[in-house]
Every structure is written in structure tokens, then in C-alpha cells.
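Results of the structural survey
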Amino acid sequence: SVLRPCICCRLTPPLQSAAYRGLVSLGIGSVGGAPVAGCSAADASRLGVIVTGMRGGVLLTEELLANGLPIDGISGSLVGGIPSSNPLAVPADPPIAPHNCGRTSIADVKEDEFTADLISFLSHRRGRYIDRSKFPDAVLNGMTLDLFSLYKEVVTRGGFRVGNGINWKGQVFGRMRNWTANNRQTGVGNSLKKHYANLLWEYEQAHPQDVVVDRCTLCGRGEEAGATDWIACDSCNSWVHFSCDKRPNLGTFDDYANAEQPRSYKCPNCARAEARAAGRGAAAAARAA
């Protein structure tokens, strides 16, 4: 009999060791219950991008993508024609057709229905049976990955293309079952992005109606502005272009996009409301004194 080479052997040489270390560090010995050794060449290429951030031997840096350098016929700066700040959000080629599954809207869907639909989609997409009792086989903070909460939190914040505009550790992880008050795991933000790229990114592309795309509350424009520095307010979850916020002493976009120790961002409206409330509290305390 002929044995199929493992995923790392089928990747191009520059990707082999990186892909192996990346998969092991994420605890990925199989995808959807199937050993990685059984992955197709297309799956190997896709996982290579996810684990190493490379495509066609080219590192997909944010600077490269911002310049729109075509890679393998795909302009990395665009995801579905929309500017992206996420180097892992490489759109499928050819594009994924809409998944006409009749699933309940993302706002109302229950976890069991979502999981069944995701498994059905991935089974058809990857051409293999996925055992629901073993799905997902990814673990975070000692618990099975909460894919339902991960997906809902990301798509309601503009989708995977937003990248670092989402506070992955503060906004997303904190709303997942995997979160614990005494969590000491490092690399949570990057792990979440890689798990999303591996298990949910294709599903999101097939369900564009799930993605909530807001307009900047400061300039009133959306994606047509061309800005990729989207950031969500930690208080009201509204979206702004960071470059539109001209308040002094805000720091840089990277200060808030840091996956491990992000700064908390409050939009001008919430900051003013907070200041007014603090003023009223101080005045009340002074009168009571």
C-alpha cells in the first residue's frame, strides 16, 4: 500500500518545521477528528498559511498586506473587496460560495444548531466525516474550545478581517467559557486568532450575513474610507477608526491591538459620559460632606 506523507512533509521546505511546531503548540494532532497525516495538499497549504503566516513562501506581514501586494493571484489587502488588517484573513481561492443552510440568524441561533451547521459545512468543505463527540479537538486554558462564543464575538465585531482592531484577550476571551478569573495562560490572543483561522474563517466567508459591519461613529463612514485601524469601544462596542479619534494622549493603535496586554479603549461618547457621571458623583459627595 502507498502511505500518504504527513502534512509537514508535503509543505514546502521553508514551512515544514514551522508548521510542525505551530500545530503541536496549538495541540492540533487532527482536524475535525481526522489525523493531520490524512490532510489533502490544499489543506496542507491552508494550514501552512494559518500556522506560519506565509503564502507562497512570502511572509504575510501587515505592511505587505497594507500595500496590496498580490500573492498567488490574491490581493492580500482585500478580503471580499474590503480592506483587512489581519494577515491570517487570506480569502479562499476560488471564493467560497454562500452556504444556503437555512440556519437561524446569528443573533438568535442556539449553540447546538450552530455546531451542527458548522460540522456539516466543514465535513463537506474538507471531504471527511467529523465526529461531533470529538469536535472541536482544540483546547484552550484546559477546556474544550468554545467555538460558538468565539464566532459570535468576532462576527459581531466586524469579522476576522478586522484583526487587531478586536481586543481578542479582553473582549473575546472574556466572553468565552474558556475564560477563568485566575487564567495564567500566555499567548491567548494569538491562539484564538489561529484557532479561528483554522476552524471558523472559511465558515464566516460562507456566511457573510453573520458579519456585523458598522460605520465609524466619529466620521460616519464605513469600509469606503479605506482605513484598516478599526477598534471597538470596550463600553458600548461601537466601532471607530482609531485615526479619527483626535484626543490627545491616546497612544498608538498598536497599544490597543497588543494581543497580550491591550489597553482599554473607550470611544469619545463613552468617555464623556463617564466623566459626567464622575463629576456628578463628586458633587454629590461634596454636598453630603
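Counting of residues starts from 1 at the beginning of each chain's written sequence and follows it residue by residue. Residue-level local features of this predicted model are given only where pLDDT is at least 70; pairs of side-chain atoms are given and counted only at 80 or more, and the full residue set underlies all totals for whole chains, interfaces and linings. Water and hydrogen atoms play no part in the side-chain values, which are based on all heavy atoms of the structure.

**A word on helix 6 (residues 147-155)**
- A large share of helix 6 lies buried, amounting to eight of its nine residues.
- Working definition: with a 1.4 Å probe on protein chains only, accessible area under 20% of the residue-type maximum means buried, over 50% means exposed, and in between means partly exposed. Secondary structure counts use DSSP, requiring at least four H or I residues in a row for a helix and at least two E residues in a row for a strand, with both numbered from the N terminus. What helix 6 keeps buried is the set Leu-147, Phe-148, Ser-149, Leu-150, Tyr-151, Glu-153, Val-154 and Val-155.
- Contacts from the buried residues of helix 6 go to helix 5 (111-126), helix 7 (168-172), helix 8 (188-199) and helix 9 (201-206). Note on definitions: a residue-residue contact is assigned when non-hydrogen atoms from the two residues lie within 4.5 Å.

**Considering unusual backbone geometry**
- Each neighbour pair has its own omega, and for Phe-135 with Pro-136 the value is -10°, a cis peptide bond.
- Of note in the backbone geometry, Asn-141 takes a positive phi value of approximately 55° without being a glycine.
- Structurally, Asn-141 can be placed in the loop between strand 9 (139-140) and strand 10 (143-144).
- Non-glycine residue Asn-249 carries a positive phi angle of around 65°.

**Observations regarding the nonpolar core**
- Counting 54 residues, the largest nonpolar core has Leu-145, Leu-150, Leu-192, Tyr-196 and Leu-200 as the members making the most contacts within it.
- If you list the elements that add at least two residues to this core, you get helix 5, helix 6, helix 7, helix 8, helix 9, strand 11 (230-232), strand 12 (239-241) and helix 10 (253-257).
- Counting residues per element, this core draws most heavily on helix 6, which supplies six residues.
- Contact partners of Leu-192, with chain neighbours within four places excluded, come to Leu-140, Leu-145, Leu-150, Trp-168, Val-172, Phe-173 and Met-176. Among the buried residues, those of types Ala, Val, Leu, Ile, Met, Phe, Trp, Tyr and Cys that are joined through side-chain atoms within 4.5 Å form a nonpolar core.

**Observations concerning the pattern of salt bridges**
- Every case where a carboxyl oxygen of Asp or Glu lies within 4 Å of a side-chain nitrogen of Lys or Arg is listed as a salt bridge. Inspection of the entire model under this criterion finds 11 salt bridges.
- For Arg-177, the salt bridge is made with Glu-111, and the minimal N-O distance between the two is 2.9 Å. Linking Arg-177 in the loop between helix 7 and helix 8 with Glu-111 in helix 5, this pair joins segments that are 66 residues apart in sequence.
- Among the salt bridges present, the one from Arg-263 reaches Asp-255, with a minimum N-O distance of 3.8 Å.
- Overall, the relative accessible area of 37% leaves Arg-263 in the partly exposed class.

**Observations concerning the packing of aromatic side chains**
- Two rings from Phe, Tyr or Trp (for Trp, the six-membered ring) form a pair when their centres are within 6.5 Å of each other. A pair whose planes differ by under 30 degrees is stacked, one over 60 is edge-to-face, and the rest are tilted. For the structure on display, the rule yields 15 aromatic pairs.
- Here Phe-160 and Trp-168 contribute two aromatic rings whose centre-to-centre distance is 6.0 Å and whose plane-to-plane angle is 90°, an arrangement assigned as edge-to-face.
- Note on Phe-160: relative accessible area 0%, which makes it buried.
- Consider the rings of Phe-160 and Tyr-196, whose centres lie 4.9 Å apart with planes at 25°: the pair is stacked. Of this pair, Phe-160 sits in the loop between helix 6 and helix 7 while Tyr-196 sits in helix 8; the two residues are 36 residues apart in sequence, bridging distant segments of the chain.
- One aromatic cluster in this structure is built from Phe-114, Phe-121, Phe-148, Tyr-151, Phe-160, Trp-168, Tyr-196, Trp-201 and Tyr-203.

**Here we look at the confidence of the model for the protein**
- In this model, the protein carries an average pLDDT of 74, and 67% of its residues clear a pLDDT of 70 or more.
- Low pLDDT (under 50) marks residues 1-27, which in the prediction has 41 contacts with non-local residues, meaning those over four places away or in another chain.
- pLDDT expresses, on a scale from 0 to 100, how confident the predictor is about each individual residue. Low pLDDT, under 50, characterises residues 51-83; the stretch is placed with 68 contacts to residues that sit more than four places away or in other chains.

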